[in-house]
Amino acid sequence: MLLSGARCLFVVALLLVGSGSAQECGRRKVNTNNLILHARAAVAGHWPWHACIMHHYQGTFTNVCGGSIIDKNTILTAAHCVLTPSGLMSVDLVSVEVGRIRLRIADQRTRAYEPDRFIVHPEYASNKVQHDIALIKLRTDIEMSDYIQPVCLWNRGPDLAQVERKFGSVIGFGLNENNEVSDYLREADIPVVDFATCLASNRVAFGAVLTSMMYCAGSGNGTSACNGDSGGGMFFEYDGVWYVRGLVSFIPGLNGQAKCDPYQYTVFTDVAKYLDWIQQKHKVQSFAANPVSALVKANPKLSQLNLDICGFNAYPFRSESEKPVFLNYPWVGVLEYAVERTREARTLCHCVLISEWYVLTAAHCVAGVSDKHKLLAVRLGDYDLSSRTDCFDIDDKRRCAPEVKLLPVGKIITHKQYDKATYGNDIALLRLRTKADVSQDNIKPICLPMTPKLRETLPNVYVQAGWFRNSSIMRRTAPTRQNGAKCREQYATEKIFVSSDDRHICAFQKYDLKGRCSFTASAAPLQVIQKIEGSDRYVMHGLLSFGSSKCLSDFPDVYTNVNGYMDWILDSLEGEKEPDDKIFFGDD
């Protein structure tokens, strides 16, 4: 039986295969006596620590490597699984899926997680395939179940003699004996061989690269790891507990092709030699209650928000100005209106996705719109409002966004104390008639300031993303916070009331006074990158309410302060049920 491996990288005709704590590890929770023997396809729960490392390619995620769950938010894999010739992959191009036993069909046991960062061994050398080991730190903690469990790190010493001539288990979705990517997770038992035997089998391939930090395994009978299996573990069982000893790294290619030769030995990174690096420099976290679950326990209403994926920061190591705008603010949408007595549809206001059911916007966008405009739908996932398909070059790769979604509104909830004349309490919730597909790259919710610590932040500079009036391309700006008292004094000279800081944020937006004066459309979000349970995420703090009607450089824009309305927002959220057919206002 062939297991499959990874992407290919040749070094002297070498093929890379791949492109305890308080909580139990390494124990199966499911009775697996009904394993399909001989064909060696595994049933759900037999290898609950296996992770699929998926790369985004041509609009979809494809399995390219394996990995192993070693703690609540860490995946152990091969370094070459998260690298390209130009360096580390962007985290938004990688997805980690656990609990999966079929590639083409995902069931309710499967979970997908987004990486927060990659930690590659500092001495990794791709030309010699040395120190081929990396950690993937996830943005959110893994939800453990009978089908999703961690494996134990090897704890029986670095001596290879303990496992020589012993059979270990390797698993993966790589190429099978028909040169096809396996739809089913497959397993094989192969023996570890001594260093001399491995080297003698192919001195050309192994002579220049084998080190004491690696070991070889294989039967020489066609049972092997192959393309797509890289980074997957080799596991040994002792007293009912499973340990990861090796990571699939490479295997010589077949007749110079970019395909594994199943009759050659597979080379593994020896995990036993890297325990200090894993545990000391990048400490594996012990198991505890999921911190997101702890937030929900404190306030059950938070369960209606997508806390596991909100505010995803795809470029945590770049300054905001160096990040692409395209696909980086997938929560920013627009409201689409029908124009009376025409077939024209116009986008006049922003909206911001806060969960798969709800968007936030300004109350004046739904309760103060002229009689000529009727709200049609929420438009999510757009970048260029004038194009049907949005594509953009990011890091020298062409990226195209999935389809834009127009979603009907099921319910409009304006704040009961909204004052149209003064723009007081200028905030509204829209419940969608159908759920937003937050699995799309261009449609994700933003985080809300859920905790007092998040709400206490007073940044000097915010991030604003959205559309200027009469402009079709999303733009990013950096409004600077202004003193609230000064802001109130300025607007008082124009006989405009600005309330206290807990209800309004004043931020100065620099406009280009040399060209045509153009303003940001209403309800554009003010965002701040903040730590939520150790992960940098975008958190919404404000919605653009009003500003000066002239390009005056000394007047800030005024935003509704979302921090002051968190109780109202959470109290207004409804459970996952179909909305009423009639659209109505919450204060009716």
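Residues numbered from 1 in each chain as written. Predicted model: local features only at pLDDT ≥ 70, side-chain atom pairs only at ≥ 80, totals over all residues. Heavy atoms only, no water.

### Observations concerning the overall build of the chain
Threshold: Helix numbers and strand numbers start at the N terminus; a helix is a DSSP run of H or I with at least 4 residues, a strand a run of E with at least 2. Each residue's exposure class comes from its accessible area (1.4 Å probe, protein chains only) as a fraction of the maximum for that residue type: buried when under 20%, exposed when over 50%, partly exposed otherwise. The method behind every accessible area is Shrake-Rupley, applied with a 1.4 Å probe, and residues are considered shielded solely by the protein chains displayed.
Regarding its fold elements, the chain presents seven helices and 33 strands. Sorting the 588 residues of the chain into buried and exposed places 58% on the buried side. As displayed, the chain offers around 25,500 Å² of accessible surface, 48% of which is attributable to carbon and sulfur atoms.

### Some points on empty space enclosed by the protein
Using the following cut-off: Points on a 1 Å grid over protein atoms alone make up a cavity when a 1.4 Å probe fits among them but cannot get out, and a pocket when they form an open set with protein on both sides within 12 Å along at least five of seven lines; lining residues each have an atom within 4 Å of a point. Grid points are joined across faces, edges and corners, and a volume is the space filled by probe spheres set on the points. As a working rule, the residues Ala, Val, Leu, Ile, Met, Phe, Trp, Tyr, Cys and Pro are called nonpolar, Asp, Glu, Lys and Arg charged, and the rest polar, with Gly in that last group.
Within this model, the largest cavity holds a volume of roughly 100 Å³. Together, 14 residues line the largest cavity, and Leu327, Gly381, Asp382, Tyr383 and Asn442 are the ones closest to its centre. Residue composition of the lining of the largest cavity, grouped by class: nine nonpolar, three polar and two charged. Size it by volume and the second largest cavity reaches roughly 70 Å³. In terms of lining, the second largest cavity is formed by Val43, Ala44, Gly45, His46, Trp47, Pro48, His50, Gly99, Arg100, Ile101, Tyr147 and Leu185. Its residues placed into classes, the lining of the second largest cavity shows seven nonpolar, four polar and one charged.

### Regarding helix H6 (residues 484–492)
Threshold: Within this analysis, the arc is defined by the directions that extend from the helix axis to the C-beta atoms. We call two residues contacting when some pair of their heavy atoms lies within 4.5 Å. Here a polar contact is recorded for every N or O atom pair within 3.5 Å, except that within protein the pair must consist of a potential hydrogen donor and a potential acceptor, and residues adjacent in sequence are included only if both atoms are side-chain atoms.
Restricting attention to buried positions, one finds in H6 the residues Gly484, Cys487, Gln490 and Tyr491. Looking straight down H6, one finds its buried side chains confined to an arc of 120 degrees; they lie on one side. In this structure, the buried residues of H6 make contact with strand S30 (504–508), strand S32 (535–546) and strand S33 (557–561). The backbone nitrogen of Ala485 has a side-chain oxygen 3.0 Å away, supplied by the residue at the start of H6, namely Asn483.

### Regarding the environment of Gln58
Of note, Gln58 is situated in the loop between strand S2 (50–57) and strand S3 (60–71). We classify Gln58 as exposed; its relative accessible area is 68%. Separated by 340 residues in the primary sequence, Gln58 and Arg398 place their C-alpha atoms 8.9 Å from one another.

### Observations concerning the state of the cysteines
The condition is simple: Pairs of cysteine sulfur atoms within 2.5 Å are what we label disulfides.
For the structure shown, the criterion picks out seven disulfides. Each disulfide pairs two cysteine sulfurs, and for Cys391 the partner residue is Cys400, the sulfurs being separated by 2.0 Å. Because the sign of the S-S torsion sets the handedness, a value of about 105 degrees for the bond joining Cys391 and Cys400 places this disulfide among the right-handed ones. Disulfide pairing places Cys487 opposite Cys506 at an S-S distance of 2.0 Å. Between Cys487 and Cys506 the sulfur-sulfur dihedral comes to about -70 degrees; the bridge is accordingly left-handed. Note that Cys487 is positioned in helix H6 and Cys506 in strand S30, a separation of 19 residues in sequence. As far as burial versus exposure is concerned, Cys487 and Cys506 are alike and both buried.

### Points about the layout of surface pockets
This is how the line gets drawn: A domain assignment, automatic or from a database, supplies the domain bounds used here.
Put simply, the largest pocket is a space of about 1,300 Å³. Surrounding the largest pocket, 50 residues form its lining, Ala112, Asp308, Ile309, Val438 and Lys444 being those nearest its centre. Within the residue set of the lining of the largest pocket, elements represented by two or more residues are S2, S3, strand S7 (94–98), strand S8 (111–113) and helix H4 (291–298). Residues lining the lining of the largest pocket come from more than one domain, with at least three contributed by each of domain 1 (40–279) and domain 2 (294–572).

### Some remarks on the pattern of salt bridges
Close approach of charged atoms lets side chains of opposite charge pair. Quick note on the threshold: Throughout this description, the term salt bridge denotes a Lys or Arg side-chain nitrogen within 4 Å of a carboxyl oxygen of Asp or Glu.
Scanning the entire structure with this criterion turns up 17 salt bridges. Here Asp270 ties to Arg245 by a salt bridge, and the two come within 2.7 Å at their closest N and O atoms. Here the residue Asp270 occupies a position in strand S17 (residues 266–270), and Arg245 occupies one in strand S16 (residues 241–252), the gap between them amounting to 25 residues. Under the relative-accessibility criterion, Asp270 is labelled buried at 0%. Here Arg245 falls in the buried class, since its relative accessible area comes to 0%. Among the salt bridges present, the one from Arg399 reaches Asp441, with a minimum N-O distance of 3.7 Å.

### A word on the packing of aromatic side chains
Note the cut-off: Each aromatic pair joins two rings of Phe, Tyr and Trp (for Trp, the six-membered one) with centres within 6.5 Å, and gets the label stacked for planes under 30 degrees apart, edge-to-face for over 60, and tilted for any other angle.
What the rule picks out here adds up to 19 aromatic pairs. A ring pair is formed by Tyr383 and Phe392, whose centres lie 6.0 Å apart and whose planes are at 65 degrees; its orientation type is edge-to-face. Given a relative accessible area of 33%, Phe392 falls into the partly exposed group. Ring centres 5.6 Å apart and planes at 85 degrees place the aromatic pair Tyr491 and Phe546 in the edge-to-face group.

### Quick word on the environment of Arg379
On the secondary structure map, Arg379 appears in strand S21 (residues 373–380). A relative accessible area of 16% places Arg379 in the buried class. On a C-alpha basis, the gap between Arg379 and Pro408 in space is 9.0 Å, while along the polypeptide they are 29 residues apart. Among all residues touching Arg379, those that are not within four sequence positions of it are Gly333, Val334, Glu336, Thr347, Leu385, Val404, Lys405 and Leu406.

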